[in-house]
Amino acid sequence: MEFTLIKFIFIFGVLHSFIYLSFALGFSLVFGVAKIPYLSYAGLYTLSAYLMHLLLTKAGVPTIISAILSIGAVGGLSIVIGDYIVKPSMKNPLSIFISTMTVSYIVEEVFRIKMGLTPVALPALRGVITIAGVPVAQQWIAVLIIGAVSSFLVLIYLSKTATGKSIRAVAESWYESMIIGINPYKVFRVTMLIAGLLAGVASISLSPLKAVVPSMGWSPLFVSFAIVILGGMGSIKGTVVASFIYGFVEQFVTWKYGGAFASIVPLALIVLVLIFRPTGLFGEKE
Amino acid sequence: MFRQKTVADKVRENLLGIIVLLILALLPMRANDFLLDTLVRTYIFVILAVTLDFFSGTTGYLNLGHSFIFGLSAYLTGILYVYLKIPTEIAILGAGLLGTFGSLALLLPSLRVRGVYFAILSLLYPIIFIGIVTTQPFSLYLGGEGGLRIKQLFLDIARKLPPTERLAFLHNAYYYLSFILMVASFIVLYKLAYNEFGFKLRSIGQDEELSEAAGVNTTNMKIKGFLLSAVFASYAGALYAGMRPPITVDFVNTGSILLPTLTAMIVGGAGTIIGPAIAAFLLTLLYQYLWGLVGLWRTVAYMIILLAFVLIRPQGIFFDIYLRIRRLVDKVIG
């Protein structure tokens, strides 16, 4: 493999990994706390991009404010989903699966009907800079910073604040955390809020580089799932390490074999991990 | 449901079924073309609901890749026709079989995982299938967004008929083909679901370790149950592809294929086979006639029904209604 290819893979691997980390963290937290796959994540991701587009074009709100508004709206919606859709059927994993998935499909279908399949564009930073001979769009730098800052903030929040620590406690054991006086439902709502916000942040920063289409949310959802499976269920450390492994593997496949094969990476990775190490890299045995 | 059936019970139970099937079998004499067309689609969804329920409703392994099986055999029909120049009629027969074996690509990696993991893994298949079909270089060979064009089923025979009879012939032929496939899959899976085979599957759904301890070879049962469900689903896919070319990603689309099926399974009552069949029949008919009323929003209406049932009444409703009607019929007959 020649040196240029390695450079491309390395630089784009780093650029992708941080933003993957930021949205995989939200998915991973919900997975850890509530032991459910948060499939509405795809819907939230799509919703925030379209919401920002609508605020910009229909209401004429300035870019920064519409970004903040749509991220906040998605975060709030995530709490509502947690309260009215996830909580009532928490005991039955299959119901939860169907209901959270349906939310994503409703979002997809509504935008398919209202906005059509033509991609819409979100404002991006124009211009290209060159890093070590590799041309990189300036928006990618913004994505890198936003991804790194948001995941760093969440990690700090989890390790330093009382609520963050209680999130980790509930992820460890729902019932034992109740014994030591934590209200798991409160923690669950905070987790849903964080997950919603992270989905919004990732979507707003990443979608200017990709097409905003009704089905855009599924790919990040599967990437998150692949990362969480690879890292081990509910393990924060595992999620961090797996995000980087995933980012580099995906970029390697993309640059070496082409984008069509990159879409198979999540499936292949999940299947391999489940066959050879079902608990993931840092997961504990059930 | 689980009581010992006497001979009289069996006659009565079958009486209701026979009456319904007779009405449906004689329908083409009276019905217009639109209704026949709608019913073809309805029967395909009944097959999908019954097959999904036979595996997922009983074992509790939620197979969200059901549309993958359906679409895979549809695409195989197209590939056999386009690249091997096999006539559509024979391509359907071959594709159904190949699709059944192809569905093992979904099952075998998933055998090690349970519950939620199985569901997610299976959900990935149709979405990645669509991704492959619509991106280069594969889209060049598989028709991309426009789809694979194949010659419609029985078109050669229809061309030999006088022009006025052609459409009627095609409508009737499609109607009876899908009707026969539906009846066959329903009877086979219903019988299996309520004898020892079905109870073994149900025991996996109750508690897999316990069922293994009781002497059920769970892996073996899962493979058998899945293949039985896949064989009818993939023949339905191949047949539908032959009847409604071109073959596009709509055959694989989770939103248009899986969600109505899943709704039928939940609304009908998971694991009861007959409940999902009734639900799929009524809901698909409703769906077709809702077109005028809600237009494009009917898919959203479907999903809201699904969501409401999952949250409020996860045990479904049509199986209960069916039991009540049967009790009523029992009373009337005496």
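Since we're looking at a predicted model, the values are computed, not measured.

1. Some details on the overall build of chain B
What chain B contains, in helices and strands, is 17 helices and zero strands. Here the C-alpha radius of gyration of chain B, 20 Å, is about what a compact globule of 334 residues would show, namely 20 Å. Seen through its C-alpha atoms, chain B measures out along the principal axes to roughly 55 × 50 × 35 Å. Burial analysis of chain B (334 residues in total) assigns 46% to the buried set. Contacts in chain B between residues at least 24 apart in sequence constitute 77% of all its contacts with a sequence separation of at least 6.

2. Considering the overall build of chain A
Across its full length, chain A holds 12 helices and two strands. Each helix and strand of chain A, ordered N terminal to C terminal, gives the series α-α-α-α-β-β-α-α-α-α-α-α-α-α. A globule of 286 residues ought to have a C-alpha radius of gyration of about 19 Å, and chain A, at 19 Å, matches this closely. With respect to the three principal axes, the spread of C-alpha positions in chain A is 55 × 50 × 35 Å. A buried classification covers 51% of the 286 residues belonging to chain A. Partitioning the contacts of chain A with sequence separation of at least 6, the portion at a separation of at least 24 is 75%.

3. Details of the interface of chain B and chain A
Contact residues are listed per partner, giving 34 residues for chain B and 32 residues for chain A. At the level of elements, helix H6 (115-134), helix H13 (254-268) and helix H16 (298-312) of chain B are the ones that each hand at least two residues to the side of chain B that touches chain A. The dominant element in the side of chain B that touches chain A, judged by the number of residues it contributes, is H6(B), at 11 residues. Taken together, the residues of the side of chain B that touches chain A break down into 26 nonpolar, seven polar and one charged.

4. With respect to unusual backbone geometry
Among all residues save glycine, negative phi is the norm, and among peptide bonds the norm is trans. All names here are of chain B. Cis rather than trans, the peptide bond between Pro 245 and Pro 246 has omega equal to 0°. For Pro 246, the position within the fold is in the loop between helix H12 (218-243) and H13. In this structure, Lys 85 takes a positive phi of about 55° despite not being glycine. On the secondary structure map, Lys 85 appears in the loop between helix H3 (66-84) and helix H4 (88-102). Lys 85 sits in the exposed class, given 8 other C-beta atoms within 10 Å. Phi at Ile 273 is positive, roughly 60°, even though this residue is not glycine. Assignment of secondary structure puts Ile 273 in the loop between H13 and helix H14 (274-289). Overall, the presence of 26 C-beta atoms within 10 Å leaves Ile 273 in the buried class.

5. Here's the deal with the packing of H3(B) against H12(B)
Residue and element names in this part refer to chain B. Relative orientation of the contacting elements H3 and H12 amounts to 45°, with a least axis distance of 7 Å. Our classification of the angle between H3 and H12 gives oblique. In terms of crossing hand, the pair formed by H3 and H12 is right-handed. Every residue of H12 that contacts H3 at His 66, Ile 69, Phe 70, Gly 71, Leu 72, Ser 73, Ala 74, Thr 77 and Gly 78 is listed here: Ala 230, Ala 233, Ser 234, Ala 236, Gly 237, Ala 238, Tyr 240, Ala 241 and Gly 242. Grouping the amino acids of the contact of H3 with H12 by side-chain chemistry returns 10 nonpolar, eight polar and no charged.

6. Here we look at the pairing of strand E1 (residues 128-131) of chain A
All names here are of chain A. With four bridges joining them, E1 and strand E2 (residues 134-137) adopt antiparallel strand pairing. Note on E2: the bridge partner recorded for Val 128 is Ala 137. Connecting E1 to the next strand, E2, in antiparallel fashion are two residues, including Ala 132 with a positive phi near 50°.

7. So, helix H2 (residues 33-59) of chain B
Along an α-helix, residues three or four apart share an orientation, since each turn contains 3.6 residues. Residue and element names in this part refer to chain B. Look at H2: 39 Å from first C-alpha to last across 27 residues, which is about the 39 Å you get at 1.5 Å a residue. At Asp 53, H2 is bent by approximately 40°, the largest bend along its length. When you tally the buried positions in H2, you get 20 out of 27 residues, the bulk of the element. Looking at the residues trailing H2, positive phi occurs at Gly 60, about 80°.

8. A word on the nonpolar core
Of all hydrophobic cores here, the largest spans 185 residues; its most connected members are Ile47(B), Ala49(B) and Ala236(B). Element by element, the count of residues in this core is highest for helix H1 (residues 3-34) of chain A, at 17 residues. Those residues in contact with Ala236(B) that lie beyond four places of it in its chain are Ile44(B), Ile47(B), Leu48(B), Phe70(B) and Leu181(B).

9. Thoughts on the environment of Pro87(B)
All names here are of chain B. Position of Pro 87 among the secondary structure elements: in the loop between H3 and H4. For Pro 87, a count of 13 C-beta atoms within 10 Å puts it in the partly exposed group. Sequence spacing of Pro 87 and Gln 4 is 83 residues, and the spatial spacing of their C-alpha atoms is 49 Å.

10. Here we look at helix H5 (residues 138-160) of chain A
Residues and elements named next belong to chain A. Between its terminal C-alpha atoms H5 stretches 33 Å, which fits the 33 Å expected from 23 residues at 1.5 Å a residue. For H5, the full list of buried residues reads Trp 140, Val 143, Gly 147, Ser 150, Ser 151 and Val 154. Those residues of H5 that are buried are in contact with H1, E2 and helix H8 (184-206).

11. Overview of the confidence of the model for chain B
Reading predicted coordinates in detail is not appropriate for stretches of low pLDDT. Residue and element names in this part refer to chain B. For chain B, the mean per-residue pLDDT works out to 86, and 97% of the residues sit at or above 70. Mean pLDDT across the elements of chain B bottoms out in helix H15 (residues 291-294) (74) and peaks in H12 (93). Interface scoring of the predicted complex returns ipTM 0.79; its pTM is 0.86.

12. A closer look at the packing of H2(B) against helix H9 (residues 163-193) of chain B
Residue and element names in this part refer to chain B. At a minimum axis separation of 9 Å, H2 and H9 run at an interaxial angle of 20°. Relative to H9, H2 is oriented roughly parallel. Where H2 crosses over H9, the two elements pack in a sense that is left-handed. Of the residues in the contact of H2 with H9, the class split is 18 nonpolar, five polar and two charged.

13. Observations regarding the environment of Ile317(B)
Take Ile317(B): it is sitting in the loop between H16 and helix H17 (318-333). On a C-alpha basis, the gap between Ile317(B) and Gly275(B) in space is 7.9 Å, while along the polypeptide they are 42 residues apart.

Reading guide: rules and limits
Going along each chain's sequence as written, the residues are numbered from 1 onward. Starting at A for chains and at 1 for ligands, labels are handed out in the order in which the entities are written. The predicted origin of the model limits local features to residues at a pLDDT of at least 70 and limits the giving and counting of side-chain atom pairs to 80 or more, whereas totals for whole chains, interfaces and linings rest on all residues. By definition, any uninterrupted DSSP run of H or I lasting at least four residues is a helix, any uninterrupted run of E lasting at least two residues is a strand, and each is numbered from the N terminus. Throughout, the radius of gyration refers to the C-alpha atoms, and the reference size of a globule is 2.2 Å times the residue count to the power 0.38. Around each residue's C-beta, the other C-beta atoms within 10 Å are counted; 20 or more make the residue buried, 12 or fewer make it exposed, and counts in between make it partly exposed. All C-beta atoms are placed from the backbone. Residue pairs qualify as contacts under a 7 Å threshold applied to their C-beta atoms, which are placed from the backbone. Side-chain classes follow a simple rule in which Ala, Val, Leu, Ile, Met, Phe, Trp, Tyr, Cys and Pro form the nonpolar group, Asp, Glu, Lys and Arg form the charged group, and the remainder, Gly included, forms the polar group. To define axes, lines are fitted to C-alpha atoms, for helices over the stretch in contact only, and angles between the resulting N-to-C directions are given on a 0 to 180 degree scale. Oblique is the label for any angle not covered by the other classes, which are roughly parallel (under 35 degrees), roughly antiparallel (over 145) and roughly perpendicular (65 to 115). In this scheme the crossing of two helices becomes right-handed for a clockwise turn of the near helix relative to the far one and left-handed for an anticlockwise turn of less than a right angle. Two strands pair if DSSP finds at least two bridges between them. The span you would expect from a helix comes to 1.5 Å times its residue count less one. Two axes enter the definition of the bend at a residue: one is fitted to the seven residues ending there, the other to the seven starting there, and the bend is the angle between them. Under the definition applied here, buried Ala, Val, Leu, Ile, Met, Phe, Trp, Tyr and Cys residues are grouped into a nonpolar core through C-beta atoms within 7 Å. One confidence number per residue, pLDDT, is output by the predictor and ranges from 0 to 100.

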